[in-house]
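# Report on the structure
Residue strings, one per chain:
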Amino acid sequence: MTGIHEDVIERLTADVAIVGYGPVGRLLALLLGRSGKRVVVVERQPKAYPLPRAVHFDDEIGRIFQSVGLPPDSQPDIVGPYDDFYEWRSADRDTLLRLDWRGLGPSGWHVSNFFYQPALEDILDAKVQALDSVRILRGWTAVTCTQDEDAVTLELQSRTDERCTVTASYVVGADGANSIVRSWIGSSLTDLSYFHDWLVIDLLMKAPSEQFDFSPAAWQLCDPERPTTLVPGGPGRRRFEFMRLPSETVEELNAEETAWQLMAPWGITPDSARLERHTVYTFQARWCDTWRKGRLLLAGDSAHLMPPFAGQGMCSGLRDAVNLSWKLDLVLDGRAGDGILDSYGPERAEHVRHFIEASMSLGEVICLADPAAAAERDVRMRADLVAGAQPPPRPLPRLGPGLHRDDAGGGLLAIQAEVDGGTSSGLFDDVVGDGGVLLLAEPALREQLSESDAALLSDLGWKVVALASEPGVGCVVDINGAYTDWLRGLGAVAAMSRPDLYLYGVAANANDLTALLQHLRAALAMPVAAMQ
Ligand SMILES: Cc1cc2nc3c(=O)[nH]c(=O)nc-3n(C[C@H](O)[C@H](O)[C@H](O)COP(=O)(O)OP(=O)(O)OC[C@H]3O[C@@H](n4cnc5c(N)ncnc54)[C@H](O)[C@@H]3O)c2cc1C
């Protein structure tokens, strides 16, 4: 961090300055701006990046989009739900691994959705632009930073070398893999030393999809002669990815001619598809060890990178944004101490490690260019498949230690199911509204809440909702019994979820409900180390 340039043309102030306006910066700006926070976003590119990187998101992200008025089923031209297996096949097309991506997930949306990123980002942008509280500075690069006890000041540089400053209570670096904010924080990286170059090709299909044999629509060809990914790229689009072989250079692979040659065996020609882009990415697996330093925080690719085989990189960044926004909201309003921000990094680092390791293990299946090693893998995986031994169920990802109780549910993702609220029925958030919720297994449990418990929840803006046989004020009917089953599985009579959809904790009985509220009250005022 260095001093500020003398010739500054404008000095801006904000509650939060966000560096980077990719998907993560957009969602964070939208969430903070909607809650009335003054936000300045700084983006070095004068225009939006017109090409996709991410093509896939899961049901949890569907629920996050639902919360900002963008439910996945509202954009059929941009988002296509997926309802099939995601297969991994050998060179001779034998199935080696089947991931079940059928149906709805616990968040109430399809487990898997393929989408067209630029169009979805445009919609997020329009929502941000509609907010008076957010100012977007495009064509400006954050170049230096100073922070003291009261504020942090960014110096920005325009393309014509003009300078301006933004002074904010907090700066979030959503500035991608080569983050300058990360360098200011000085974070070390945990790097799993995974580096593979892949040619990524995006196609707008001209011919109808029936003309091609993409069945299932998402699969991986684990052929050592050319490991290949075939997935949808959103409605009417396809994504192909081809691994660089040891005998090739990046330049050879990243040629338009090469792209068409590689797609020819799949029946794709300039007559059947428009090549929207081809580029070589180096897939990596790493996360930063320090997500916060004083008033500086990181979110998205600035904090973590993973190979895209599970389609979880952007998803993880969006989870960062939701985790951070409600905590910043509380701190900026003076409703919680600044210490709660220390919970952000440990919670998210542990969670993202789960997805990085899952993506790595999928990458290890496919990224084999050695025929002998691939043959050995095929024998082992075929045998495992026949024996029904794979894939082993992975434990549900849980937030690392932080702003939640260490009980049966704390740190796990809450579910979303259908409820009847009397005047309307459907998905819980549509009926009840989003935000923090204390869900009670029965209305009588309300009596367990003291006045100060009720005041605490009300001050936080968290609702109290009870499952009941009839809908009524603060009561909903659990239409399919999903909430009842879920609470039973957790051994709980109540579940308290935070605004980012993760459980603060669950109460095993009525007395424990009182203890859960006490824990929350204490945690909101305490530094993270004192919570567990
Ligand atoms: C081939 C590929 C496929 C993928 N597929 C998926 C998928 O299917 N699903 C999924 O969830 N994820 C996927 N990902 C990952 C996903 O694309 C990224 O995780 C996501 O786009 C990162 O978003 P971000 O907002 O954190 O960063 P970015 O999108 O990189 O945005 C960072 C922004 O910060 C700006 N910036 C940087 N430095 C400065 C500065 N100093 N001042 C001002 N502005 C600055 C940049 O211009 C940029 O606009 C994939 C990635 C790749 C490469």
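Shown above is the structure to which this text applies.
Now for a quick tour of the structure. (Residues numbered from 1 in each chain as written. Predicted model: local features only at pLDDT ≥ 70, side-chain atom pairs only at ≥ 80, totals over all residues. Heavy atoms only, no water.)

### Concerning the pairing of strand E28 (residues 503-507)
- The element E28 is largely enclosed, with a buried count of five among its five residues.
- The sheet contact formed by strand E27 (residues 494-497) and E28 spans four bridges and is antiparallel. Pairing of Ala495 across the sheet is with Val506, part of E28.
- Remark: five residues form the turn of the hairpin made by E27 and E28, two consecutive strands paired antiparallel; Leu501 in that turn has positive phi of roughly 80 degrees. (Buried < 20%, exposed > 50% of the residue type's maximum accessible area, 1.4 Å probe, protein only. Helix = DSSP H or I, 4+ residues; strand = E, 2+ residues; numbered from the N terminus. Pairing = 2+ DSSP bridges.)

### Brief notes about the environment of Val171
- Summarising the element assignment, Val171 is placed in strand E11 (residues 163-173).
- Taking the relative accessible area as the measure of exposure, Val171 reaches 0% and is therefore buried.
- Sequence separation between Val171 and Arg292 is 121 residues, and the spatial gap between their C-alpha atoms is 9.9 Å.

### Structural notes on the site of the ligand
- The local shell around the ligand holds 34 residues, among which Glu43, Arg53, His56, Asp301 and Met314 are the closest.
- Note that a nitrogen atom of the ligand is positioned 2.9 Å from one of the backbone N or O atoms of His56.
- Here an oxygen atom of the ligand and a backbone polar atom of Cys315 are 3.0 Å apart.
- With the chains in place, 90% of the 1,000 Å² that the ligand exposes on its own is no longer accessible.
- Breaking the shell around the ligand down by element, the ones donating at least two residues are helix H1 (23-34), strand E2 (39-43), strand E9 (140-147), strand E17 (273-283) and helix H7 (313-332). (Near = heavy atom within 4 Å. Polar contact = N/O pair within 3.5 Å; in protein donor to acceptor, adjacent residues only side chain to side chain. Areas by Shrake-Rupley, 256 points an atom, 1.4 Å probe, with all protein chains shown as cover.)

Keep in mind these values describe shape, not function.
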